[in-house]
Amino acid sequence: MKILVINAGSSSLKYQLIDMENEQALAKGNCENIGISGGKITHKTHDGRSYIEECHFPTHAEAFEKLTEVLTDSEHGIIRSMDEISAVGHRIVQGAEKFTESVLVTDQVIDTIESISDLAPLHNPAHVLALRACQKVFDASVPQVVVFDTSFHSTMPPKAYMFGLPYEYYEKYAIRKYGFHGTSHRYVSQRLAQLMGKDIKDLKIVSCHLGNGSSVTAVDGGKSVDTSMGFTPLDGLIMGTRSGAVDPSALTYILEKEQMTGKEMSDLLNKKSGFLGLSGTSSDARDMVTDSHNGDAKADLVCRMIRYQVKRYIGAYAAAMGGLDAVIFTGGMGENSDELRSEICENLEFFGIRIDEEANTRLNHGGEGDISTSDSRTKVYIIPTNEELMIARDTMEIITRK
């Protein structure tokens with residue numbers, strides 16, 4: 001069975017074609033600049049072929065048509081016809097309280113995703129466009145499934161997801177913590193249990209997805225019980241251009257002093273803060289590490305802040321779960337920075353955490369495995385995330401359900 005996984009943005013359409021017989025990604029690519037000038041498709045196959053073409057994509061429908069053309073092309077493609085694709089799985093950022101699990105796509109499902117677009121205005125409208133475009137390109141007999149970033153966190157109790165605001169705003173506008181990166185946290189926690197040879201129901205895990213966007217999740221018995229991102233992906237840790245958690249009074253103070261609009265404040269917090277705002281030079285964590293080693297005090301501050309914040313969440317979530325069996329590092333920074341992992345775990349021996357520095361260095365940049373010492377009571381793992389495979393697995397499970 002071959003499943004096409006789609007991750008649509010407002011002006012992009014990323015895809016992977018996965019053979020579920022061996023869970024291998026046969027091809028992956030991206031249609032860029034949809035609806036604007038400078039469109040192109042980049043396409044790579046598992047056997048090392050690559051293809052780039054400049055294209056014009058007025059809408060997501062044209063992008064779908066192009067990816068089907070490339071997938072079946074005699075020179076660059078990987079399948080003879082689209083009939084070989086058994087199903088399509090879509091990543092959806094926000095399911096709110098409407099969707100607590102992955103579901104088959106229907107017109108009603110698409111309408112509901114659209115109805116909660118104000119909770120994810122940068123993401124859900126693009127997902128809706130992609131879903132409707134996909135319906136036009138694929139025959140109705142090809143089932144489609146939607147997998148929500150928020151659904152993994154739907155198991156959080158009210159004490160974790162409610163804010164200290166008047167309850168009427170939850171009732172009127174559904175203001176609460178939703179959490180994100182759920183598909184990633186679900187994949188790596190399940191993979192951890194497999195690697196440890198244990199039932200996930202017996203494990204208390206802190207999963208650290210650290211990249212340009214970062215979040216930490218407490219996973220107790222395979223279920224999310226708390227997470228650092230909140231109503232939007234802005235909350236929690238400092239990130240590439242996002243501020244993370246800030247005292248709301250600091251924001252209203254700046255708003256008044258600078259006479260900013262709500263939109264200007266949103267742009268400041270989402271696009272001009274975090275690593276970029278603090279350093280004044282870059283939003284890339286790799287630049288922060290390099291610059292800090294070269295004596296840049298602001299870059300060094302950024303590095304110290306992110307490592308301190310992650311350490312603080314590990315401690316808080318261990319307390320919330322009443323114990324800790326393992327910590328996972330995933331995402332661009334989590335998988336590729338031995339320095340970050342080492343400093344986060346430093347002085348956590350009282351939690352039973354001891355890092356094997358040789359393993360930590362050896363498994364850097366794409367490795368998977370245990371980086372804790374043999375006598376570490378709490379295990380520490382690097383696990384490269386694979387959200388596309390998780391989406392494909394959900395899709396396969398739903399379409400084969402009897």
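We now turn to the structure provided with this report. (Residues numbered from 1 in each chain as written. Predicted model: local features only at pLDDT ≥ 70, side-chain atom pairs only at ≥ 80, totals over all residues. Heavy atoms only, no water.)

1. Some details on the overall build of the protein
For step 1, the next point in the chain: Helices and strands together make up the secondary structure of the protein, namely 15 helices and 14 strands.
For step 2, the next point in the chain: Its C-alpha atoms give the protein a radius of gyration of 22 Å, within 12% of the compact-globule value 21 Å for 402 residues.
For step 3, the next point in the chain: Long-range contacts, defined here as pairs at least 24 residues apart, represent 61% of the contacts in the protein between residues at least 6 apart.
For step 4, the next point in the chain: By element, 48% of the accessible surface of the protein is carried by carbon and sulfur atoms, the whole surface being about 18800 Å².
For step 5, the next point in the chain: Taking the 41 positively charged and 56 negatively charged side chains of the protein as two groups, their mean positions are separated by 3 Å. (Helix = DSSP H or I, 4+ residues; strand = E, 2+ residues; numbered from the N terminus. Rg over C-alpha atoms; globule rule 2.2 N^0.38 Å. Contact = heavy atoms within 4.5 Å. Areas by Shrake-Rupley, 256 points an atom, 1.4 Å probe, with all protein chains shown as cover. Lys, Arg positive; Asp, Glu negative; His and termini not counted. Charge placed at Lys NZ, Arg CZ, Asp CG, Glu CD.)

2. Observations concerning the side chain of Asp-226
For step 1, the next point in the chain: If you trace the backbone, Asp-226 turns up in strand β11 (residues 223–227).
For step 2, the next point in the chain: For Asp-226, a relative accessible area of 16% gives the class buried.
For step 3, the next point in the chain: In terms of polar contacts, Asp-226 uses its side chain to reach the side chain of Lys-177, at 2.9 Å.
For step 4, the next point in the chain: What Asp-226 contacts, discounting residues up to four positions off in sequence, is Met-156, Ala-160, Lys-177, Val-216, Thr-217, Ala-218 and Tyr-317. (Buried < 20%, exposed > 50% of the residue type's maximum accessible area, 1.4 Å probe, protein only. Polar contact = N/O pair within 3.5 Å; in protein donor to acceptor, adjacent residues only side chain to side chain.)

3. With respect to the packing of helix α11 (residues 297–321) against helix α13 (residues 338–345)
For step 1, the next point in the chain: Where α11 contacts α13, the two axes come as close as 9 Å, and the packing angle between them is 50°. In this view, α11 runs oblique relative to α13, as classed from their interaxial angle. The two elements α11 and α13 cross, and the hand of that crossing is right-handed. Contacts from Arg-307, Val-310, Lys-311 and Ile-314 in α11 reach Glu-339, Leu-340, Glu-343, Ile-344 and Cys-345 in α13.
For step 2, the next point in the chain: By residue class, the composition of the contact of α11 with α13 is 5 nonpolar, no polar and 4 charged. (Axes fitted to C-alpha atoms, helices over the stretch in contact; angles between N-to-C directions. Parallel < 35°, antiparallel > 145°, perpendicular 65-115°, else oblique. Left-handed = near helix turned anticlockwise from the far one by under 90°. Nonpolar A, V, L, I, M, F, W, Y, C, P; charged D, E, K, R; others polar.)

4. Description of the environment of Gly-77
For step 1, the next point in the chain: Of note, Gly-77 is situated in the loop between α1 (60–72) and β6 (85–92).
For step 2, the next point in the chain: A residue is classified by how much of its surface remains accessible, and Gly-77, at 9% relative accessible area, is buried.
For step 3, the next point in the chain: Gly-77 sits 34 residues away from His-43 along the chain, and the two C-alpha atoms are 9.0 Å apart.
For step 4, the next point in the chain: Contact partners of Gly-77, with chain neighbours within four places excluded, come to Arg-49, Val-70, Leu-71 and Thr-72.

5. Looking at the packing of aromatic side chains
For step 1, the next point in the chain: Enumeration according to the criterion identifies 7 aromatic pairs in this entry.
For step 2, the next point in the chain: An angle of 40° between the planes, with centres 6.5 Å apart, marks the rings of Tyr-161 and Tyr-170 as tilted. Considered together, Tyr-161 and Tyr-170 belong to a single accessibility category, that of buried residues.
For step 3, the next point in the chain: Where Tyr-313 meets Tyr-317, the ring centres are 5.5 Å apart and the plane angle is 50°; that geometry is what we call tilted. Separated by 4 residues within a single helix, Tyr-313 and Tyr-317 lie in helix α11, roughly one turn from each other.
For step 4, the next point in the chain: Judged by relative accessible area, Tyr-313 falls into the buried class, the value being 16%. (Phe/Tyr/Trp six-rings, centres within 6.5 Å; stacked < 30°, edge-to-face > 60°.)

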